[in-house]
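Single-letter residue listing:
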Amino acid sequence: MSLYSVITIILFISVLISVYSISNLENRYISEYRIGVIERNKKIGNIITVIFFCNLWFLTAFRSFEIGNDTQTYINYFLKIASNGVNQKYAMEMGYQYFCLLLSKISINPHFFLFFVSTILYIFISIYVFRYSKNTLFSFCLFFCMFFSTFVNILRQCIAMVICLYAYKQIKEKNYKKAVIMILVASLFHMSSLVVLILLLYKFIPIKRKYVLVVSIIVSILSATGILNNLLVILSSKYRTYFTSEYASSGWIAVGYGVIRSIIFYWIVYEAYKNNLEKNRLILANFELLLMCSSLGFAVSLFTRASQYFLLITVVELPNAFYDGKIKNKKLLIIGICFVMLLYFLIILMYRPEWNYLYPYKFFWE
């Protein structure tokens, strides 16, 4: 049995335990004993979550260069920048290059580079989860299934994604200037982060269910048929190669799964907040943008990279919707989501290892 099989089995059992911490605490008939049980289960869930986050950090920080399709490329660039300084000809944003240059002043050991980046990423993602999620173990399960593979691969975008996650919180608190500054800083690591600026227009984004589903279907059809590709080539000749290369109209299994997942997430959140849409407009707008970007993946699979920014936000907002909103069969839905996503993770690990090399896992000292 693989290391990841053991992790997923233990994680799923832990989620089953944590599910029982979800309850309508506003129910005035709930007993003090039941409240005590709920609080105890939350503490247990938090302890388990800490252990799991530490395990993932360890696997990410001390991995071999072979783990993650792009890990070796990032190491090569780090060593180049450490030796020769930044270079505008490198296919990496200047902010990220200066970040590598600064790290190289501390140590030019590539293992230190992976350790440092992994540590920063996991510190900030775990702080965000523990501070803002109302079911930390459910949040971790989502993170593990959707982002562990990402965090061992596309490093500079992961840095940008975590910065944008905190920028989203600033938007939620109506600190728009801080949010813009944080998104611009994120763009110094990966330009795709500028897509998060759209969230600043959340008040103008239609969020009604019929509109969202109809538009997503239309976008998916235009993307899948190649019509959208032709339009994008006309509008942006600079990125012509993306719309005619191997990234165009490929990877439909993963894209299709992402679209279905986004529809389910949006549907759940809409049901949770349908009686108070205006108050939760930003949350719904994020799930809508996630669905739209995922649908664009049928045209160019690289659009799914843009959807990652909105997907990371769901790691906290989806569990909170279960806790705050009025959703039927909460426990069954959570168990179903966790089971399907963990199963998908294992299937990809076994049958599509080329998507991102994770197994057999190797530490750098092996």
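Our structure is the block above this text.
Residues numbered from 1 in each chain as written. Predicted model: local features only at pLDDT ≥ 70, side-chain atom pairs only at ≥ 80, totals over all residues. Heavy atoms only, no water.

*Asks:* Can you walk me through the overall build of the protein in this structure?
*Replies:* Tallying secondary structure elements over the protein gives 15 helices and zero strands in all. For the protein, the residues scored as buried account for 53% of the 366 residues in total. Of the accessible surface of the protein, which amounts to about 17700 Å², a share of 65% is contributed by carbon and sulfur atoms. (Helix = DSSP H or I, 4+ residues; strand = E, 2+ residues; numbered from the N terminus. Buried < 20%, exposed > 50% of the residue type's maximum accessible area, 1.4 Å probe, protein only. Areas by Shrake-Rupley, 256 points an atom, 1.4 Å probe, with all protein chains shown as cover.)

*Asks:* For this particular structure, what's the right way to read unusual backbone geometry?
*Replies:* The general pattern is negative phi for most residues beyond glycine and trans for most peptide bonds. You will see that K174, though not glycine, has its phi angle at about 65 degrees, which is positive. Mapped onto the fold, K174 is located in the loop between α7 (155–172) and α8 (176–187). The exposed category is assigned to K174, whose relative accessible area is 52%. Phi at N329 is positive, roughly 55 degrees, even though this residue is not glycine. Tracing the backbone through its elements, the reader meets N329 in the loop between α14 (303–324) and α15 (330–351). Accessibility expressed as a relative area gives 56% for N329, which makes it exposed.

*Asks:* What should I look at first to understand the environment of H190 in this one?
*Replies:* Here H190 lies in the loop between α8 and α9 (209–224). When its relative accessible area of 14% is taken as the criterion, H190 is described as buried. A sequence separation of 34 residues divides H190 from R156, and the C-alpha atoms of the two residues are 6.3 Å apart. Ignoring anything within four residues of it in the chain, the contact list for H190 reads E93, R156, Q157, A160 and Y309. (Contact = heavy atoms within 4.5 Å.)

*Asks:* Honestly, α7 in this entry has me stumped. Any pointers?
*Replies:* An α-helical segment advances 3.6 residues per turn. Residues three or four places apart therefore align on the same side. A rise of 1.5 Å per residue sets the reference length of α7, with its 18 residues, at 26 Å; its end C-alpha atoms lie 26 Å apart and thus fit the reference within 8%. In terms of residue burial, α7 counts as a mostly covered element, since 17 of its 18 residues are buried. (Expected span 1.5 Å × (residues − 1).)

*Asks:* Mind showing me how you'd approach the pattern of salt bridges here?
*Replies:* Should their charged atoms come close, side chains of opposite charge can pair. Going through the model one piece at a time under the given rule, you end up with seven salt bridges. Of the charged contacts in the structure, one is a salt bridge between K134 and D324, with a shortest N-O distance of 2.7 Å. Remark: D324 occurs in helix α14 and K134 occurs in the loop between α5 (110–132) and α6 (136–151); sequence separation between them is 190 residues. Exposure remark for D324: the relative accessible area of 39% places this residue in the partly exposed category. Where E271 meets R209, a salt bridge forms, and the shortest distance between an N and an O atom there is 2.4 Å. With E271 in helix α12 (residues 252–273) and R209 in helix α9, this pair connects stretches of sequence that are 62 residues apart. Three or more residues joined by partner-sharing salt bridges are found here, namely R209, E271 and K274. (Salt bridge = Lys/Arg side-chain N within 4 Å of Asp/Glu carboxyl O.)

*Asks:* Honestly, the environment of E354 in this entry has me stumped. Any pointers?
*Replies:* Within the element layout of this structure, E354 appears in the segment after α15. C-alpha separation for the pair E354 and N69, spaced 285 residues apart in sequence, amounts to 8.1 Å.

*Asks:* Help me understand the nonpolar core in this model?
*Replies:* By size, the foremost hydrophobic cluster in this structure holds 110 residues, and its most contacted members are F113, L142, F143, F147, L199, F265 and L318. For this core, the element with the most residues is α7, which contributes 13 residues. Residues contacting F265, with those up to four places away along its chain left out, are L142, M146, F287, L311, T314, L318, I337 and M341. (Core = buried A, V, L, I, M, F, W, Y, C linked by side-chain atoms within 4.5 Å.)

*Asks:* Explanation requested: the side chain of S139 in the structure shown.
*Replies:* The topology assignment puts S139 in helix α6. What makes S139 buried here is its relative accessible area of 0%.

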